[in-house]
Amino acid sequence: MLQKGRMQNKSIIIGVTDDEATIVLYNLPGVHARDKTFNLTKQFVINKVIPRLVEEAGYKNPREIEAALKFYYIDTAREESMNTMRQNYGQMLTDAIFTSGVLRSIRYHSQLAIPTYFYVFDYHSQNDSLPAWTGAYHGVDLKYLFGCPFVLGSMELQEELDKVISDLMMKLWINFALNSDPIGTNDFTQKIGWTQYRYSDDSQYYLNISASLPRRQQHYRHEHVVFWNSYIPMVASMDPDKGDYSSPISAPISTYYSTMMWLAAAFAIIFFIIIVILLVKLCCYRKIGRSHSYPVEENHRIPPPSPGVQQQQNGPSSKRNSGSSATGGRSASRFLQPPEKR
């Protein structure tokens, strides 16, 4: 319905908690998840968790997708602590089950020009009944939205900060219900600066609600969302029998090196062509220079014709000219000779 635009243009608030899937770990059957020291090992995640997640999702090319998940969420090059593995496992389930779907829905709403307000709840009370490692687990924001810290006789959420967070959330939702905008006109919510989530202009703002002051941020888990909403579907749609990559990890690497090789070959060809053009122009310049210079070497001078041949060619006039020249030559020689002694 969202892709086809079959939605009414009504404002919407939608959000997630920062550690949605830790509640899944806490209630995981067959494991002592309720223990506050609950941890996971790397081999358990690689051999059990990831194959089960891919199988239940029904992805095509499960082997390739398992390799992608191991590469993205698990550091196989070094040993990791069990707490780190628990955090990585919770992050992977959060992205797969909650974050990727919610951000995809928000994108569709925004592209349809529906006023959309996105929030991330990232607060864990010291008096919460669940251990601290669960963080902002799935559904914990509802306790503050419905004012549980103000309920008398409650055994949890009795800190002063719990009441501040709850008061903030209730005020934002009341303003939205009244004016289709969580920011009120004459209350403290104006200082928050929560604006609409707009996918088209790349602002993608959201409100982060945490133990510190609520603040506006951008691009929530952008790389994780791209991984699940773009890369994983691409791997699932590949067909190795038709020449697609057999491994999703080697695909980007192979593409990168192949592109670099083609670029290097193209630059080499262009450089070779430039060198050839310069050499041709240089040769042409030398030929043109030689054609415009006429040096006469001594060995190639044209010998003067003999007197007999010249007379035959030129006739009587030539004889007169030659005679006068000879006479002139003799008269000139007189001045060059030394005077006779008397």
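(A) Expanded view of the sheet that holds strand β1 (residues 12-17). Strand order in this open sheet of four strands is β1-β2-β3-β4, and the pairing throughout is mixed. Two strands lie at the open edges of the sheet, namely β1 and β4 (215-218), each paired on one side alone. Taken pair by pair, the neighbouring strands of this sheet meet at an average axis angle of 35°, ignoring direction. The sheet contact formed by strand β2 (residues 116-122) and strand β3 (residues 205-210) spans four bridges and is parallel. By the bridge assignment, Phe121 is partnered in β3 with Ile209.

(B) How the structure looks around the nonpolar core. Counting 48 residues, the largest nonpolar core has Leu69, Met92, Phe121 and Trp194 as the members making the most contacts within it. Apart from the residues lying within four places of it in its own chain, the contact partners of Phe121 are Val16, Thr17, Asp18, Ala136, Val140, Asp141, Tyr144, Ile165, Met169 and Ile209. Counting eleven residues, the second-largest nonpolar core is a separate cluster that includes Val16, Leu103, Phe118 and Val120.

(C) Region of interest: helix α6 (residues 160-179). With 20 residues, α6 ought to run about 28 Å at 1.5 Å a step, and its terminal C-alpha atoms sit 29 Å apart, in line with that. Restricting attention to buried positions, one finds in α6 the residues Asp162, Ile165, Ser166, Leu168, Met169, Leu172, Asn175 and Phe176. On its buried side, α6 packs onto β1, β2, α5 (140-145) and β3. Positive phi shows up at Ser180, right after α6, with a value of about 60°.

(D) Local environment of the packing of aromatic side chains. Under the defined criterion, the tally for this structure stands at 15 aromatic pairs. On the numbers, 6.0 Å between centres and 65° between planes, the contact of Phe118 with Tyr220 is edge-to-face. In this pair, Phe118 sits in strand β2 while Tyr220 sits in the loop between β4 and α7 (222-236), placing the two residues 102 residues apart along the sequence. There is no split in this pair, since Phe118 and Tyr220 are both buried. Within the aromatic cluster, the residues linked to one another by ring pairs are Tyr72, Tyr73, Phe227, Trp228 and Tyr231. A cation sits over an aromatic face here: Arg107 above Tyr199, 5.9 Å from the ring centre.

(E) Representation of the pattern of salt bridges in the model. With the rule as written, the count across this model stands at four salt bridges. Where Asp18 meets Arg221, a salt bridge forms, and the shortest distance between an N and an O atom there is 3.3 Å. Residue Asp18 is found in the loop between β1 and α1 (22-26), and its partner Arg221 is found in the loop between β4 and α7; the two are separated by 203 residues along the sequence. In terms of burial, Asp18 and Arg221 fall into one category: buried. The salt bridge partner of Glu56 is Arg52, with a shortest N-O separation of 2.7 Å. Taken together, the positions of Glu56 and Arg52, both in helix α2 (residues 42-57) and four residues apart, correspond to about one turn of that helix. By the burial criterion, Glu56 is exposed, and Arg52 matches it. Among the ionic contacts, a cluster of salt bridges with common partners joins Asp18, Asp95 and Arg221.

Parameters at a glance
Residues numbered from 1 in each chain as written. Predicted model: local features only at pLDDT ≥ 70, side-chain atom pairs only at ≥ 80, totals over all residues. Heavy atoms only, no water. Pairing = 2+ DSSP bridges. Helix = DSSP H or I, 4+ residues; strand = E, 2+ residues; numbered from the N terminus. Axes fitted to C-alpha atoms, helices over the stretch in contact; angles between N-to-C directions. Core = buried A, V, L, I, M, F, W, Y, C linked by side-chain atoms within 4.5 Å. Buried < 20%, exposed > 50% of the residue type's maximum accessible area, 1.4 Å probe, protein only. Contact = heavy atoms within 4.5 Å. Expected span 1.5 Å × (residues − 1). Phe/Tyr/Trp six-rings, centres within 6.5 Å; stacked < 30°, edge-to-face > 60°. Lys NZ or Arg CZ within 6 Å of the ring centre and 35° of its normal. Salt bridge = Lys/Arg side-chain N within 4 Å of Asp/Glu carboxyl O.

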